[in-house]
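Examination of the molecular architecture
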Amino acid sequence: MRRSLPVAALALACVLVLAGCDLKFSLGFGSGSDGSFSGSELTVPVLYASGKKGGVTSQRITADSADGGDLSIDITENDVSGVDPITQSATWTAVTAATLLTGARPDTAYTFGFDARIATPAAGAVTAVGVLALYYGADVQPGVALTGGVTPLGAVSPVAGLPEQVSAAIEAGGIDTILVPAGQRTAVDAEGMAVDLDQLAATGGMTITEVADIASAYAVMTGEDLPESVFPTPPPSPSALPTAADAPAVPDAVATAVDDALDRARSSLDSAPGSTLADRARAAVARGEQLLAEDDSGGAWAAATTAADTAAAAAAPALASTDAQTLATAAVADADALLGELAAAPSSLDDADPVLAAIGWAAEADALAQQAQAFLAADADPSLAAAGLTSAALASSAVQTARALAELRTDIDGAGGLASDADLDGLASLLRRAAVAATDAYDARRGDSPLAADDLNGLRTTALETARDALGARADEGGAWLALGVSTAAFARSSAALSAQSAVRVPDGVDPSDAVAQRIGIADEYTVRAVDALTATGAALPLLRGALTDAASAAASSPVPGASAVFTTPFLRARVLAFAGGVQRD
């Protein structure tokens, strides 16, 4: 059934209110019999670092039934300068991850109160564990602290400043065990020196434990295991996706679309100068060819679209400005027409999968094309020209992918029912607000640095941010599925851009392969579970299954830090479809 994956993963000063979500599906968590909250609260320790100094503070997490059934998140701290965007994003991602992973109803009023001013993603994982502890009514054990970021998939991601955080915990006292992200027992301090955290912690009578996902962290912090049906334990040597032989037959039209996308990629590469992007595009072409040879045209489609997109960006420097402007103008018109065609509600899960993906690509095309027009305008800053060329090339490629997806939906048999009472507007609002938080954090980290022409997810994130109001207005007119497709794409892109930007240096002499393998295994297993829950309804979902296959293939072929991020898009699509279909975990 499975193909092995060859890899070894305080006082109120500023309030951010995120409202507008009323998601009505519940697994019975919280203190109410219907899964609602009634004054639940707990406190967790938070480790952080600022420059050469670390700190220990506390975070009070409160969850109560929301007035009017709308999700709200208030983040407070004892500093009048406002909540830092990095902290906002870490908090929002933690709530989103916990919600997506459990399927629990998020029509809850959350308050996250920090007793110090922090600006770090390092509170993300402990926030997610705290939210889950409230869901399941568990107590957080004293003497245990957790530091690390959290991804939409629930992996604990590496963070900087661990030596400073451990030193601060020693000075503060009261902590026996510190949980750190997998692979970070040795970490770089503010001076650039590698520090053995086991040895450092021992000087204060503490121990260090590595954790790769929030389920593992939850077990240590609460002394209880999360339900296996919700949080699978990845095997030591992760096994991956259903093979093509086990999957339903894929329409011939998908293989034809693969050939077209690969031809586009090869044509672009013919004029592309040597670059990292060109190398990435060639690797994706090879992956698509291999998957197609294995009769996995769904996986080949995912690889081919990546190849076409990346190759177009690689060839962009050879574009004349006038040609790029022509591409952008055409992409705006085509994307606008596509978004109009795709506004009609799909009829099944099999129909919804290409619709959801096509809307995301069309929205990206529209946003990127308008960004290209702005960057290439006669009065634009000349330093933006390179980013403008790439934006135009990406827009043209994206609209062709969106068109192909719109056409493929007619060739895919419709199976898997959609729930008539699913609050798609509420889910779209949840993901849109998560994307806003991630984008704000990305912008804060980038600061005044120029937008790099080869930072493709950064270009997409910036374009979608600029077009947010226009796309939102379009979604208001077009309906819930437009809003859902746009918000899913925006969250996936902004999460990827922020993740790449937040990469932490691996100390010299440290082999990160085991930690990388753990994260890949976690991302794979969680996404497989999400897809399995959908296919159990009878839906074939060849494109979603293909995206998952390609993600595993891509991660296996390049098992480097950050490789597990390729699973974010198929995981989000699976969980969004599960919500739309009323699919809940046992």
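All values derive from a computational prediction rather than experimental measurement.

Rules of the game
- Residues numbered from 1 in each chain as written.
- Predicted model: local features only at pLDDT ≥ 70, side-chain atom pairs only at ≥ 80, totals over all residues.
- Heavy atoms only, no water.
- Axes fitted to C-alpha atoms, helices over the stretch in contact; angles between N-to-C directions.
- Helix = DSSP H or I, 4+ residues; strand = E, 2+ residues; numbered from the N terminus.
- Parallel < 35°, antiparallel > 145°, perpendicular 65-115°, else oblique.
- Left-handed = near helix turned anticlockwise from the far one by under 90°.
- Contact = heavy atoms within 4.5 Å.
- Phe/Tyr/Trp six-rings, centres within 6.5 Å; stacked < 30°, edge-to-face > 60°.
- Buried < 20%, exposed > 50% of the residue type's maximum accessible area, 1.4 Å probe, protein only.
- Lys NZ or Arg CZ within 6 Å of the ring centre and 35° of its normal.
- Salt bridge = Lys/Arg side-chain N within 4 Å of Asp/Glu carboxyl O.
- Pairing = 2+ DSSP bridges.
- Nonpolar A, V, L, I, M, F, W, Y, C, P; charged D, E, K, R; others polar.
- Polar contact = N/O pair within 3.5 Å; in protein donor to acceptor, adjacent residues only side chain to side chain.
- pLDDT = per-residue confidence, 0-100.
- Core = buried A, V, L, I, M, F, W, Y, C linked by side-chain atoms within 4.5 Å.

**Digging into the packing of helix α12 (residues 424–446) against helix α18 (residues 568–581)**
Following both chains from N to C, one finds α12 and α18 inclined at 155 degrees, their axes separated by 10 Å at the closest point. Here α12 lies roughly antiparallel to α18, going by the angle between them. As for how α12 packs across α18, the hand of that crossing is right-handed. Packed against α12, whose contacting residues are Leu424, Leu427 and Leu431, the element α18 presents Val576, Phe579 and Ala580 at the interface.

**A few points about the packing of aromatic side chains**
Counted by the stated rule, this structure contains 2 aromatic pairs. Their ring planes at 20 degrees and their centres at 5.8 Å tell us that Tyr110 and Phe112 sit as a pair that is stacked. According to the relative accessible area criterion, Tyr110 is buried, its value standing at 1%. On the numbers, 6.3 Å between centres and 75 degrees between planes, the contact of Tyr136 with Tyr218 is edge-to-face. Here Tyr136 is found in helix α2 (residues 124–136), whereas its partner Tyr218 is found in helix α5 (residues 214–222), with 82 residues between them in sequence. In this structure Tyr136 comes out as partly exposed when scored by relative accessible area, which is 22%. Note that Arg493 overlies the ring of Trp361, its terminal NZ or CZ placed 5.5 Å from the centroid.

**Observations regarding the pattern of salt bridges**
According to the stated counting rule, one finds 17 salt bridges in the structure shown. A single network of salt bridges, built from pairs that share partners, joins Asp309, Glu364, Arg460 and Arg493.

**Some words on the sheet that holds strand β3 (residues 53–65)**
Hydrogen bonding along the main chain pairs the strands of a sheet, whether they run parallel or antiparallel. Across the sheet, 4 strands lie side by side as β2-β3-β5-β4; this open sheet has mixed pairing. Each edge of the open sheet is held by one strand with a lone partner, namely β2 (40–50) and β4 (72–77). Mean inter-strand twist for the sheet, computed between neighbouring axes without regard to direction, equals 20 degrees. The sheet contacts of helix α3 (residues 162–172) involve β2 and β3, and relative to β3 the element is tilted by about 85 degrees.

**Section: the environment of Val129**
Mapped onto the secondary structure, Val129 falls in helix α2. Setting aside residues up to four positions removed in sequence, Val129 forms contacts with Leu146, Ile214, Ala217, Tyr218 and Met221.

**As for the side chain of Thr96**
You can see Thr96 is positioned in helix α1 (residues 85–102). A relative accessible area of 1% means that Thr96 is categorised as buried. Each residue touching Thr96, except ones within four places of it in the same chain, is listed here: Leu430, Leu431, Ala434 and Phe491.

**Structural notes on the packing of helix α6 (residues 252–270) against helix α11 (residues 385–408)**
The interhelical angle for the contact between α6 and α11, taken along N-to-C directions, is 170 degrees, at an axis separation of 10 Å. Accordingly, the angle class assigned to the pair α6 and α11 is roughly antiparallel. On α11, the residues touching Ala253, Val254, Ala257 and Arg264 of α6 are Ser397, Gln400, Thr401 and Leu408. For the contact of α6 with α11, a count of residues per class yields 4 nonpolar, 3 polar and 1 charged.

**Description of unusual backbone geometry**
For Asp295, which is not glycine, the phi torsion reads 65 degrees and is therefore positive. In this structure, Asp295 sits in the loop between α7 (276–293) and α8 (297–315). You can call Asp295 exposed: its relative accessible area is 67%. One non-glycine residue, Leu541, lies in the positive phi region at around 50 degrees. A residue is classified by how much of its surface remains accessible, and Leu541, at 0% relative accessible area, is buried.

**What to know about the side chain of Thr120**
Positionally, Thr120 belongs in the loop between β5 (108–114) and α2. Looking at Thr120, its side chain comes within polar contact range of the main-chain nitrogen of Ala122, at 3.0 Å.

**Remarks on the confidence of the model for the protein chain**
Per-residue confidence for the protein chain gives a mean pLDDT of 87; residues scoring 70 or more make up 88%. In the predicted structure, residues 1–35 sits below a pLDDT of 50 and forms 142 contacts with residues beyond four places in sequence or in another chain. Low pLDDT, under 50, characterises residues 237–245; the predicted model gives this stretch 31 contacts beyond four residues in sequence or across chains.

**Examining the nonpolar core**
Counting 174 residues, the largest nonpolar core has Tyr110, Leu146, Ile214, Trp301, Leu534 and Phe567 as the members making the most contacts within it. It is helix α10 (residues 349–375) that provides the largest number of residues to this core, a total of 16 residues. Among residues more than four places away in sequence, those in contact with Leu534 are Leu349, Ala539, Leu541, Leu544, Ala574, Leu577, Ala578 and Val583.

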